[in-house]
Amino acid sequence: MKIKDLSKEKYLLPGTTACQGCPHALGLKTLGMALGDRFVLVVPAGCTTIIAGSRDKSAFKFPCLHVPFASAPAVATGLGSAFKKLGKNGIPVVWMGDGGSDIGFATLSGACVRKDDMIVIVSDNEAYMNTGIQTSGTTFWKAKTTTSPKGKKEEKKDLALIMLMHKADYVATASVGYLQDFIEKLKRASEIEGFRFIHLHSPCPPGWGFDSSETVEVARMAVKCGAWILWEFDGKFKISTQSKPYKDKKRRLPLADYLKRQRRFRHLSDEDIAEIERRIDEQWKIILALEKVFS
Amino acid sequence: MECMIAKPSKGSAGKTGLWRTFKPVYDVEKCNLCHLCWLYCPENAIDVLEDRIVIDYDYCKGCGICAKICAKKAIEMVREEET
Amino acid sequence: MKKILTGNYAVAEAVKMARTEFIAAYPITPQTTIVERLAEMVERGELSAEFVRVESEHSALAAVYGASAGGLRAFTATSSHGLLYMYEMCWWVANSRLPVVMALVTRTIGPPWNIHTDHTDLLTLRDSGWILAMSENAQEAFDLTLIGFKVAERIDLPFAVGLDGFQVSHTAEVVDIPEQEEIDRFLPERRRDRPFVIEPGNPITVGGLTTNECAMMLRHDMMRDIEKVGDLVRNSGYIRDYDLVEKYRLEDAEYVVVMMGAWCGDAKDAIDILRDEGVQIGMLRLRFVRPFPAKEIAKIDCKKILVVERDSSIGKGGIIATEVKSVADSPVQSVMAGLGGVDVGVEDFVAMFRRFVEGDLGEWWM
């Protein structure tokens, strides 16, 4: 699919409350390019709650239902049933952050196990950003946040692999650094029935501490140093084109280059970075093994 | 109940062009219409016409992503004038 | 046609006859058999509803909320801790003005764990905007569920039907079931576009940030609209007459008891016994807690009122008594009894009412 063939219809209207360089805005604007106007967005508490607009002005040219923090996938279940029963052609799309997938973990799990008809996108900026940068389940190892001022001590959960182990109908990781890949994955997801999940990596300029112009660069850097792995599962497990070169550790760009350009990692020592690199190596082992298992 | 319902509106946060410190300045001569700036503008403030792009300065927040992503360096971030 | 049904099965029957389109519920004693019966009905093709096996009560009401926002007639059921787990969603549903119906099989809140009836759980909803009804027996549980769908959809407010855990939920009684055609005439298909509908191609955003005044307008409108429930219940067109209250031997009563729930049956027996002894005592039974039947209570003209209730508000006393006191013309005495499902039988009520009449009754009955 060529970039020039993408729909120019604007589903995210200019002049939103999103920060300069906001990754959610990048993700949201591309939803329509993949799904047309046949979707409904379900938004739990998070930055997107605000980006959606206020008073009588919505930034969205598609239907959007604001819902309580932990409830989104379950609400989508109900909406999906309504569309089916009333003969309405459309997909409920849950758009939530890593916050929503912490507090709503059971909700996410339940909808997945039931194979309820929806696409869930977790736009992951690796912290509870809307409340001011607090540590979440997916916050990167050792990252500084307001609740982990000396760097995160806890482990980092892999949402997409968890959904894969639920036997979801479609699971993928994506990045706002590679929007065409995201759009293709959305398109593929929209053609499959059941529970579809996309984990979208969303570097946040104020939250991570980099200039608003660097959002796409930082996102791509995460992929190029191997820290964020792009893959897709629809029965077969495929490592995506942009991540393929980095199966080979020698081709990965230095992790320090990715980490040190973000203020949230300035405090890291060389040992810290080495430890993180070991974790990334372990992650790759799992991904490569899955590629073999589901080939 | 009506006060809980919002409709699609451009400028839901007002004229966000006022947020800018730096402004993208476009040189059509260098542009090859690759569409990357259009795709990667988080504000949807860039439109691609037949022979050039147009930036909507009413809403452009000056984030600078377009300048960084342009392979032809057709966009340059320039400090806004003091008014 | 008369059937023998437990309160729970009667509710399930009503949900089926209402042609409910979406059900999501999580099992909790003593609500469980409602859910099981509904699952059976759907599997057998007796009820063509979507039945979702959710993983929690919070998700049960969330799914029901989604279905309702999409235009379907939707139902859930729960008790006690399940209600508390979905409590956030309860308020969200009410403020969204969606006509969801819920059966609340009342059960004590722990710890310690206690599966027996107590009305505190139902009353935790009293400020939310939910219409709150409390049945006395299986027939009422059946009737109020059907009336609930109609009233909820007319007024755009959710409706909870209370029924006592085990005493009504698991006790088999004779229930008079109307014909399906009668129910279809009484309860037409839900209007799909009220109060709003979320559907592809209709680009509205619902529930986002807005002015502070909106919150005030919303609550004001809910306050105004819930007052219409009395008339809606009285004129619902249902095959049996219903009102916000039941008046039992009230006309010439010098002493009035105000209560709600299954134990009112035993209390009425006690009233009969005392009446035979010449005591002019009667009961105003609350069928609805919200809207609060203020007019009916204010109209009571007697020597004194006794409120007996299965709940407690720590730091204040009986919840119903507090509310009755605020509108009653006669002096009100409050007794909290039967908490935790402690049995209060006919003899207890006889003794209690006697001491009330004689002016020798404390605040607790154990």
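Residues numbered from 1 in each chain as written. Chains lettered and ligands numbered in written order. Predicted model: local features only at pLDDT ≥ 70, side-chain atom pairs only at ≥ 80, totals over all residues.

(A) Structural detail: the overall build of chain C. For chain C, the helix and strand inventory stands at 14 helices and 16 strands. Relative to the 2.2 N^0.38 estimate, which gives 21 Å for 366 residues, the radius of gyration of chain C is 20 Å and therefore close to what a compact globule would have. If you line up chain C on its principal axes, its C-alpha atoms span 70 × 50 × 45 Å. Counting contacts in chain C only where the partners sit at least 6 residues apart, residues at least 24 apart contribute 79% of the total. (Helix = DSSP H or I, 4+ residues; strand = E, 2+ residues; numbered from the N terminus. Rg over C-alpha atoms; globule rule 2.2 N^0.38 Å. Contact = placed C-beta atoms within 7 Å.)

(B) Representation of helix H3 (residues 57–69) of chain C within the structure. All names here are of chain C. Spanning 13 residues, H3 covers 18 Å between terminal C-alpha atoms, matching the ideal 18 Å at 1.5 Å per step. Where burial is concerned, most of H3 is hidden: 13 out of the 13 residues are buried. A positive phi of about 110° marks Gly71, the residue just after H3. (Expected span 1.5 Å × (residues − 1). Buried ≥ 20, exposed ≤ 12 C-beta atoms within 10 Å, placed from the backbone.)

(C) Quick look at the interface of chain B and chain A. Taken together, the 29 residues of chain B in the interface contact 31 residues of chain A. Mapped onto the side of chain B that touches chain A, the elements with two or more residues apiece are strand S1 (5–8), helix H1 (36–40) and helix H2 (65–69) of chain B. Among the elements that line the side of chain B that touches chain A, the one with the most residues is H2 of chain B, at four residues. Here the side of chain B that touches chain A is composed, by residue class, of 13 nonpolar, nine polar and seven charged. When strand S3 (residues 57–58) of chain A meets S1 of chain B, the two strands line up parallel, connected through two bridges. Within the sheet, the bridge partner assigned to Lys57 of chain A lies in S1 of chain B and is Lys7 of chain B. (Nonpolar A, V, L, I, M, F, W, Y, C, P; charged D, E, K, R; others polar. Pairing = 2+ DSSP bridges.)

(D) Broad picture of the interface of chain A and chain C. Contact residues are listed per partner, giving 40 residues for chain A and 38 residues for chain C. Within the residue set of the side of chain A that touches chain C, elements represented by two or more residues are strand S1 (39–43), helix H2 (47–51), strand S2 (53–54), strand S4 (64–66), helix H3 (72–85) and helix H5 (105–113) of chain A. At 10 residues, the largest contribution of residues to the side of chain A that touches chain C is made by H3 of chain A. Its residues assigned to classes, the side of chain A that touches chain C shows 19 nonpolar, 14 polar and seven charged. As defined by bridge partners, S4 of chain A adjoins strand S9 (residues 205–206) of chain C across two bridges and the pair is classed as parallel. Residue pairing for S9 of chain C: Cys64 of chain A is matched across the bridge by Thr205 of chain C.

(E) Quick look at the packing of helix H1 (residues 7–17) of chain C against helix H2 (residues 32–43) of chain C. All names here are of chain C. H2 packs onto H1 with a crossing angle of 40° between their chain directions and a minimal axis gap of 8 Å. The orientation of H1 with respect to H2, classified from their angle, is oblique. The way H1 lies across H2 gives a crossing that is right-handed. Of the residues in H2, those touching H1 at Asn8, Tyr9, Val11, Ala12, Val15 and Lys16 are Thr33, Ile34, Arg37, Leu38 and Met41. (Axes fitted to C-alpha atoms, helices over the stretch in contact; angles between N-to-C directions. Parallel < 35°, antiparallel > 145°, perpendicular 65-115°, else oblique. Left-handed = near helix turned anticlockwise from the far one by under 90°.)

(F) Looking closely at the sheet that holds strand S14 (residues 304–309) of chain C. Residues and elements named next belong to chain C. As summarised here, the arrangement of the six strands in space is S10-S12-S11-S14-S15-S16, forming an open sheet in which the pairing is mixed. Both outer strands of the open sheet, strand S10 (245–248) and strand S16 (364–365), are each paired with one neighbouring strand and no more. The pairing of S14 with strand S15 (residues 332–337) spans five bridges and is parallel. Within the sheet, the bridge partner assigned to Val308 lies in S15 and is Val335. Against the sheet, helix H13 (residues 319–327) engages strand S11 (255–259), S14 and S15, with an angle of about 155° to S14.

(G) Looking closely at unusual backbone geometry. Omega for the bond connecting Pro111 of chain C with Pro112 of chain C falls within 30 degrees of zero, at 0°, which places this linkage in the cis form. In this chain, Arg290 of chain C is followed by Pro291 of chain C through a cis amide linkage whose omega measures 0°. If you trace the backbone, Pro291 of chain C turns up in the loop between strand S13 (288–290) and helix H12 (294–298). Unusually for a residue other than glycine, His35 of chain B sits at a positive phi of about 80°. Position of His35 of chain B relative to the elements: it lies in the loop between strand S2 (22–26) and H1. Despite not being glycine, Phe166 of chain C has its phi angle at roughly 65°, a positive value. Along the chain, Phe166 of chain C falls in the loop between strand S7 (159–164) and strand S8 (172–176).

(H) Main features of the sheet that holds S13 of chain C. Residues and elements named next belong to chain C. Read from one edge to the other, the open sheet built from seven strands follows the order S3-S2-S4-S5-S7-S6-S13, with strand pairing classed as mixed. Of all the strands in the sheet, just strand S3 (50–52) and S13 have a single pairing partner and so form its edges. This sheet shows a mean twist of 20° between the axes of neighbouring strands, independent of strand direction. Bridge count between strand S4 (residues 74–78) and strand S5 (residues 101–106): four bridges; the pairing is parallel. Within S5, the residue paired with Thr76 across the bridge is Met102.

(I) Representation of the environment of Asp156 of chain C within the structure. Residue and element names in this part refer to chain C. Relative to the assigned elements, Asp156 resides in the loop between helix H7 (138–155) and S7. Classification of Asp156 as partly exposed rests on a count of 17 C-beta atoms within 10 Å. Taking C-alpha positions, Asp156 is 5.4 Å from Leu98, a pair spaced 58 residues apart along the chain. For Asp156, the contacting residues outside a window of four places in its chain are Arg97, Pro99, Arg194 and Pro195.

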